[in-house]
Amino acid sequence: MLDEKAQLHTLEGVSAATLILLVIIYAIDATSMTPLTSSTSNAHVQSELVALGQDILNTLDYEEPGYNSKLKNDILNWDGNQYIWNGYDYILDGGTNYLNNSNLSSILKKTLISQGIAHKVEIVYLINSSNNIITSAPDKMIDAGIPSNNAVIVSRKIVLQDTDCTGGGCNSGKYLDIDPSTNLYNIVDIKLILWRT
Amino acid sequence: MGIIQNNDAQFMLLAGFIIAIGLVITTVMFSSIIFEENMAIGGGSDPSKNELVNLIHITKDETRAAYNNSTASGGGNTAKFNNFSKQMQYFNGNLSKMYALHGETVNISWENWTNKGYANLTDNGTANGVSNWTVIENVKNSNITVDVIYFNGAFQIRLKNSTEKLINITSTGTFSFINSTANDPYSIAFVNGANASGRFNMTGNASGKQFIRARDYVINTTMTFSSNRIKTILTIPFSVPW
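This structure is a prediction, so every number in the text was calculated from the model and none was measured.

**Remarks on the domain arrangement of chain A**
Here the domain parsing of chain A yields domain 1 (1–32) and domain 2 (36–196). The C-alpha centroid of domain 2 of chain A is placed 56 Å from the C-alpha centroid of domain 1 of chain A.

Structure representation (structure tokens):
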């Protein structure tokens, strides 16, 4: 027996259920979508941060023949302490000294601080452990707490020579000569971690 | 008058409604897929590009440092190249450990520069490089030494500011020139650099600070970079000592 009313009711039920489902999905998406939610728009934010971070490091790592880059000078002059942003400047964590004469801190203030982008800077280098050369644990130069799940990391490696670490160079006392038999002193990886708050 | 119940019309309306919803869902789905594909491709290639730029940069720095160190230590060509290779091998081995942290591998190899002649006096030191090129601009004073080993025609050094001075090199040999100016900075350029090969060294003051430009050899250095996405092999000619 062909019952058109039953078919009609079934179809109406299906279309009503589809409508309700779409409304629920839309409502959930709309309320939980923030710039940090893992999504296509967040991926776009991340790629922008990567480009910004790489530009900062590339700019600082330019050098003329016979001169060190600004980034290398910062690594040589760093005192090995951890600094944090106090709303005005980068200040020694638990102290009163500021991170002075740092090209890195100057450019971070102009670019990231002004845009409200949270950031930290970590330094990884090589250490000689029982005649095995291994990489160190990250040392924090600038700290800003725990990054969000959507943080990005950009890095830049620089090479130090024996001649770089004489006469007051290599202030931190952290990176040591991994190869006394040649002029190679150490390889340092500078990691810039960026995230939106 | 009672309401006329027309089931066929209701079916048609409902069918049209369902088709419309289906079209919207399909459009949104395809749009998302295309966007995701583009994001995956665009986002994935960028980190490797910057890693390669950094690898070239530090390899150039280390090649120059190893060359300067090996030539400063004296001795014959074999001893110099052994010193150079020792430092480069140490650099290569330890750099791999740094890259291993990121799940990448690198390997660096270099040529024996003691067996090759001095570089051409072109912009990049190769025979096919640009022949007429500016070495440095805005110079106040300079001390130029050119050691021409091979000569095959006209080769000049041009000092140019509001006037122009051409220094003609007409044979092999070592030539030195000192030039200074009080308030009219000049640029130093090589003209017909492909006609000669040898070494040059320039020191002095430019743009308010000391400068050095020098070249003995051009060392071809090969860098192999591998990640889970790409494998790249690059051979770059690095000018040494600067």
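**Re helix α4 (residues 103–115) of chain A**
All names here are of chain A. For α4, built from 13 residues, the straight-helix expectation of 18 Å at 1.5 Å per residue is met to within 8% by its first-to-last C-alpha distance of 18 Å. Of all bends in α4, the biggest is about 40°, found at Lys109. Looking at α4, one finds that the buried residues are Leu104, Ser105, Leu108 and Leu112. Taken from the residues just after α4, Gly116 is the one with a positive phi, measuring 70°.

**Considering the interface of chain B and chain A**
Chain B puts 34 residues into the contact, and the matching count from chain A is 30 residues. Listed by contribution, the elements that provide at least two residues to the side of chain B that touches chain A are α1 (7–72), α2 (77–100) and β8 (209–226) of chain B. For the side of chain B that touches chain A, the element with the most residues is α1 of chain B, which contributes 21 residues. The residue makeup of the side of chain B that touches chain A, split by class, is 17 nonpolar, 10 polar and seven charged.

**What about the confidence of the model for chain B?**
All names here are of chain B. Per-residue pLDDT for chain B has a mean of 88; in total, 94% of the residues score no lower than 70. Here α1 stands out as the element of chain B with the lowest mean pLDDT, 83, in contrast to strand β1 (residues 105–110), whose mean of 94 is the highest. In the predicted complex, the global pTM is 0.80; the interface-specific ipTM is 0.79.

**Here's the deal with α2 of chain B**
Over its 24 residues, α2 of chain B runs 34 Å from end to end, which matches the ideal 34 Å to within 8%, given 1.5 Å per residue. Within α2 of chain B the residues assigned to the buried category are Asn83, Phe84, Gln87, Met88, Phe91, Leu95 and Met98 of chain B.

**Let's talk about the environment of Thr163 of chain B**
Residues and elements named next belong to chain B. Within the secondary structure layout, Thr163 lies in the loop between β3 (155–160) and β4 (164–169). Look at Thr163 and you get exposed, because 8 C-beta atoms sit within 10 Å. Counting along the chain gives 23 residues from Thr163 to Tyr186, while the straight-line C-alpha distance between them is 8.9 Å.

**Points about the nonpolar core**
Most often, soluble globular proteins have nonpolar side chains that are buried together. With 59 residues, the main nonpolar core has Val188 and Leu192 of chain A as its most contacted residues. With nine residues, strand β7 (residues 184–196) of chain A is the largest single contributor of residues to this core. Discounting chain neighbours no more than four positions away, the residues touching Val188 of chain A are Ile75, Ile123, Tyr125, Lys157, Ile158, Leu160 and Tyr175 of chain A. If you look at the next biggest cluster of nonpolar residues, it comprises 17 residues, including Leu121, Val146, Ala196 and Phe211 of chain B.

Rules used throughout
Residues numbered from 1 in each chain as written. Chains lettered and ligands numbered in written order. Predicted model: local features only at pLDDT ≥ 70, side-chain atom pairs only at ≥ 80, totals over all residues. Domains from an automatic or database assignment. Helix = DSSP H or I, 4+ residues; strand = E, 2+ residues; numbered from the N terminus. Expected span 1.5 Å × (residues − 1). Bend = angle between axes of the 7 residues up to and from the residue. Buried ≥ 20, exposed ≤ 12 C-beta atoms within 10 Å, placed from the backbone. Contact = placed C-beta atoms within 7 Å. Nonpolar A, V, L, I, M, F, W, Y, C, P; charged D, E, K, R; others polar. pLDDT = per-residue confidence, 0-100. Core = buried A, V, L, I, M, F, W, Y, C linked by C-beta atoms within 7 Å.

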